[in-house]
Amino acid sequence: YTILAIESSCDDTSAAVMRDGLLLSNVTASQSIHEAYGGVVPELASRAHEQNIVPVVDAALKEADIAKEELSAIAVTLGPGLMGSLLVGVSFAKGMASALGIPLIEVNHLQGHIMAHFIKVPDEDKALPPFPFLCLMVSGGNSQIVRVEAYNKMEILGQTIDDAAGEAIDKCSKVMGFGYPGGPIIDRLARQGNPNAFSFSKPNIKGLDYSFSGLKTSFLYFLRDRLAEDPDFIAHHKEDLCASLEKTIVDILMKKLVMASKETGIRHVALSGGVSANTALRRAFEEMGEKGKWKIYIPKFSYTTDNAAMIAMVGHYKLLDRDFCPLDKPVFTRTTI
Ligand code: ATP
Ligand code: FE
């Protein structure tokens, strides 16, 4: 079986080709246009997807050395994401599936992020997480602890009641006057800073849920007070600020994840989503692995942020189950799993 997968839920246009569960190509066009606005502008994102989709799909097929007539099915992200962005990828996928007379497979973007752990390239030998496992899904739009029973059977055990972890990082980056997205910038600066230099308030939320909006406010007030004393406070302390902010976020994330592992008795723990690129979070995971508390699964950098390879992975399993999608099924924007 050969699958073409398309992902366009936010600001990355991506296409991938997978044959019998092995990834042959994964091509992504990122949109730099949003940097000037400090966040993704939905209308601009849709327009950029329209420009990118044909060349990106072409490049993915070419790199895999596959002619479109050889495709068995097309997998596409149906949601959650931005309505206009999703529509570009989904309309394209539906048109192409109908023209080629092959089935369409719908993929949930969040299941895709989680199934990124199963991506294999030819000749690669790696340990896959066994079901059930826990997954910390931390991205720009979501922060949740998921119990994964099967590729298509997942349960959210806890999730953020307000901002996502990545969103909090991006907002704090913005108040410090850094670029967008803030995650990679904060990560880089934090490596030279002292994580215990400053402390910020941590939320006190019951159960396995998260909250990040209080941290953002506490960070903002802290900066405001310090800037009143020293107008160059941010420039003088940017490394320590980033390291301390990062440590606070990692502590919040890990505390609930440890609770979830104790409550469920599941010790196979995976990390997914854009924030899983973070050095301190990866380090905290590795420590749990080294101490023998968990068997950990951390995805390759290229599969942490949005990509079509992860969509192809879910598509592969759905194709085996012959779980296809009617061509008139609409996109969805709300978070479900
Ligand atoms: P969702 O998947 O919930 O729809 P999304 O697709 O927009 O959201 P991703 O692309 O998975 O989100 O992740 C983007 C987020 O990851 C941004 O908030 C970005 O700042 C953050 N991020 C990326 N790299 C790092 C890093 N090294 N450290 C911390 N955060 C990072
Ligand atoms: Fe995503």
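Residues numbered from 1 in each chain as written. Chains lettered and ligands numbered in written order. Predicted model: local features only at pLDDT ≥ 70, side-chain atom pairs only at ≥ 80, totals over all residues.

What counts here: UniProt positions are given in the numbering used here, feature names are shortened, and annotations may be inferred rather than shown by experiment.
An unreviewed UniProt entry lists the chain under the name tRNA N6-adenosine threonylcarbamoyltransferase, with Pseudoprevotella muciniphila given as the organism. The Sequence similarities (unreviewed entry) field of the UniProt record for the chain holds the comment "Belongs to the KAE1 / TsaD family." Of the comments in the UniProt record for the chain, the one headed Catalytic activity (unreviewed entry) reads "L-threonylcarbamoyladenylate + adenosine(37) in tRNA = N(6)-L-threonylcarbamoyladenosine(37) in tRNA + AMP + H(+)".

Describing the overall build of the chain
To keep it simple, the criterion reads: The numbering of helices and of strands both runs from the N terminus, where a helix is a DSSP run of H or I of at least 4 residues and a strand a run of E of at least 2. Based on C-alpha atoms, the radius of gyration is set beside the globule rule, defined as 2.2 Å times the residue count to the power 0.38. Two residues qualify as a contact pair if the distance between their C-beta atoms, derived from the backbone, is within 7 Å.
Within the chain, the secondary structure is distributed over nine helices and ten strands. What you see for the chain is a C-alpha radius of gyration of 20 Å, in line with the 20 Å of a compact globule of 337 residues. In terms of overall dimensions, the chain has a C-alpha envelope of 65 × 45 × 35 Å along the principal axes. Expressed as a percentage of contacts within the chain between residues at least 6 apart in sequence, the contacts between residues at least 24 apart total 74%.

Structural notes on the site of ligand 1
The test is simple: A residue counts as near a molecule or strand when its C-beta atom, positioned from the backbone, falls within 6 Å of it. Under this grouping Gly is polar, as are all residues other than the nonpolar Ala, Val, Leu, Ile, Met, Phe, Trp, Tyr, Cys and Pro and the charged Asp, Glu, Lys and Arg.
Neighbouring residues of ligand 1: 24 residues in total, closest Gly140, Gly141, Gly166, Gly183 and Gly274. Counting residues per element, the shell around ligand 1 draws most heavily on helix α5 (residues 182-190), which supplies four residues. Class assignment for the residues of the shell around ligand 1 results in six nonpolar, 15 polar and three charged.

Some points on the sheet that holds strand β1 (residues 2-7)
Definition in use: Here, any two strands with at least 2 DSSP bridges between them count as paired. Each axis is a line fitted through C-alpha atoms, and for a helix only the stretch in contact is used; angles between axes span 0 to 180 degrees, taken between their N-to-C directions.
Taken in spatial order, the five strands line up as β3-β2-β1-β4-β5 in an open sheet, and their pairing is mixed. Two strands in the sheet have a free side with no partner beyond their single neighbour: β3 (22-30) and β5 (104-108). Mean inter-strand twist for the sheet, computed between neighbouring axes without regard to direction, equals 20°. Bridge count between β1 and strand β4 (residues 73-79): four bridges; the pairing is parallel.

Observations regarding the UniProt feature "binding site: substrate" (unreviewed entry) in the chain
Using the following cut-off: To sort residues by exposure, count the other C-beta atoms lying within 10 Å of each residue's C-beta; 20 or more gives buried, 12 or fewer gives exposed, and values between give partly exposed, all with C-beta atoms placed from the backbone.
Feature annotation in UniProt places "binding site: substrate" (unreviewed entry) on Met137, Val138, Ser139, Gly140, Gly141, Asp170, Gly183, Asp187 and Asn278, given in this structure's numbering. By the element assignment, methionine 137 lies in strand β6 (residues 133-138). Among all residues touching methionine 137, those that are not within four sequence positions of it are Leu110, His113, Ile114, Asn142, Gln144, Val146, Ser272 and Gly273. Note that aspartate 187 resides in helix α5. Of the residues examined, aspartate 187 has 20 C-beta atoms within 10 Å and is grouped as buried. The residues contacting aspartate 187, other than those within four sequence positions of it, are Asn278 and Thr279.

Side note on the sheet that holds strand β10 (residues 295-297)
Across the sheet, five strands lie side by side as β8-β7-β6-β9-β10; this open sheet has mixed pairing. The outermost strands of the open sheet, each flanked by one partner alone, are β8 (153-159) and β10. Neighbouring strand axes in the sheet, compared pairwise and without regard to direction, differ in orientation by 25° on average. As paired strands, β6 and strand β9 (residues 268-272) are joined by four bridges and run parallel to one another. When the bridges of β9 are listed, methionine 137 appears paired with serine 272. Its contacts with the sheet put helix α8 (residues 279-290) on β9 and β10, and the angle it makes with β10 is roughly 155°.

Some points on the packing of helix α7 (residues 233-264) against α8
Cut-off, in case you're wondering: If an angle is under 35 degrees, it is roughly parallel; if it is over 145, roughly antiparallel; if it lies from 65 to 115, roughly perpendicular; otherwise it is oblique. With the far helix as reference, a near helix turned anticlockwise by less than a right angle produces a left-handed crossing, and one turned clockwise produces a right-handed crossing.
Where α7 contacts α8, the two axes come as close as 9 Å, and the packing angle between them is 40°. With respect to α8, the axis of α7 lies oblique. Handedness of the crossing formed by α7 with α8: right-handed. Contact residues: α7 offers Glu246, Lys247, Val250, Leu253 and Met254, while α8 offers Ala280, Leu281 and Ala284. Split into classes, the residues belonging to the contact of α7 with α8 amount to six nonpolar, no polar and two charged.

Details of helix α2 (residues 83-100)
Quick reminder: α-helices carry 3.6 residues per turn. Residues three or four places apart thus point the same way. Rule in force here: Between the first and last residue of a helix there are one fewer steps than residues, each counted as 1.5 Å, and that sum is the expected span.
In a regular helix each residue adds 1.5 Å, so 18 residues correspond to 26 Å; α2 covers 25 Å between its end C-alpha atoms and thus fits that length. Residues Ser85, Leu86, Val88, Gly89, Val90, Phe92, Ala93 and Ala97 constitute the buried set of α2. Trailing α2 by a residue or two, glycine 101 shows a phi angle of about 70°, which is positive.

Focus on the pairing of strand β7 (residues 143-150)
Where β6 lies against β7, six bridges are found, and the strand directions are antiparallel. By the bridge assignment for β7, leucine 134 is matched with arginine 147. In this structure, the hairpin formed by β6 and β7 is closed by a connection of four residues. Both β7 and β8 contribute to a ladder of six bridges, which runs antiparallel. Directly across from alanine 150, in β8, lies its bridge partner lysine 153.

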